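# Per-entry structural report
Here is how the chains run, residue by residue.
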Amino acid sequence: MRKYETVFISDPDLQDQARVDLFDKVRNIIAQENGIFLNFDEWGNKKLAYEIKKKLRGHYVCVTYGGTGDLIKELERNFRLSDDVMKFMTILLSDDVTAEQLEKEALEAENQSKQVDEIEEKSVEEETVEEKADKESAEEETSKEDEKVEETKKETE
């Protein structure tokens, strides 16, 4: 078994559901061909280096998986047939990898992504707490300023 990485560029104008269907199709092909799915990294919409199919932007996705040459043939065949995929490239990352090593790596990647999600959730919570504190301090400052304005009005009368 070998470890591969495939980067593909999909049409940036795809509806969300069509994009999800395309991603599910890629995962299903890997599963059907007895591949081991490791990582699915969505890079988002980015500017292309040159125009492809009259588009200046593309939605980049990187998929890491383990499998055989037949899996690559089937995956690339489906990419060629799909109008939603503008470009793709498959890279051999390592030769002679055992299924156990790939499964262990998949578990590690899953745990790592969970940790990243937890960190992001905490940072979002901290941001909301900071925003509330900033809002409260801004309200206090405006109320103090209002009091000063009222005092100066009273003094001038």
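Below is a short write-up of the structure.

## Things to note about the pattern of salt bridges
For the structure shown, the criterion picks out six salt bridges. Close ionic contact of Lys55 with Asp11 constitutes a salt bridge, the shortest N to O distance being 3.5 Å. Taken as a pair, Lys55 in strand β3 (residues 55-67) and Asp11 in the loop between β1 (2-10) and α1 (16-32) lie far apart in primary sequence, 44 residues in all. You can call Asp11 buried: its relative accessible area is 15%. A salt bridge links Glu74 to Arg77; the nearest nitrogen and oxygen atoms lie 2.9 Å apart. Highlighted residues: Glu74 and Arg77, both in helix α2 (residues 69-81), separated by three residues, approximately one helical turn.

## Section: unusual backbone geometry
Positive phi values are uncommon outside glycine, yet Lys53 reaches one of about 50 degrees. Mapped onto the elements, Lys53 comes out in the loop between β2 (36-52) and β3. Unlike most non-glycine residues, Lys54 shows phi in positive territory, near 60 degrees. Among the secondary structure elements, Lys54 is positioned in the loop between β2 and β3. With relative accessibility at 76%, the residue Lys54 sits in the exposed group.

Here is what the cut-offs are and how they apply
- Residues numbered from 1 in each chain as written.
- Predicted model: local features only at pLDDT ≥ 70, side-chain atom pairs only at ≥ 80, totals over all residues.
- Heavy atoms only, no water.
- Salt bridge = Lys/Arg side-chain N within 4 Å of Asp/Glu carboxyl O.
- Helix = DSSP H or I, 4+ residues; strand = E, 2+ residues; numbered from the N terminus.
- Buried < 20%, exposed > 50% of the residue type's maximum accessible area, 1.4 Å probe, protein only.

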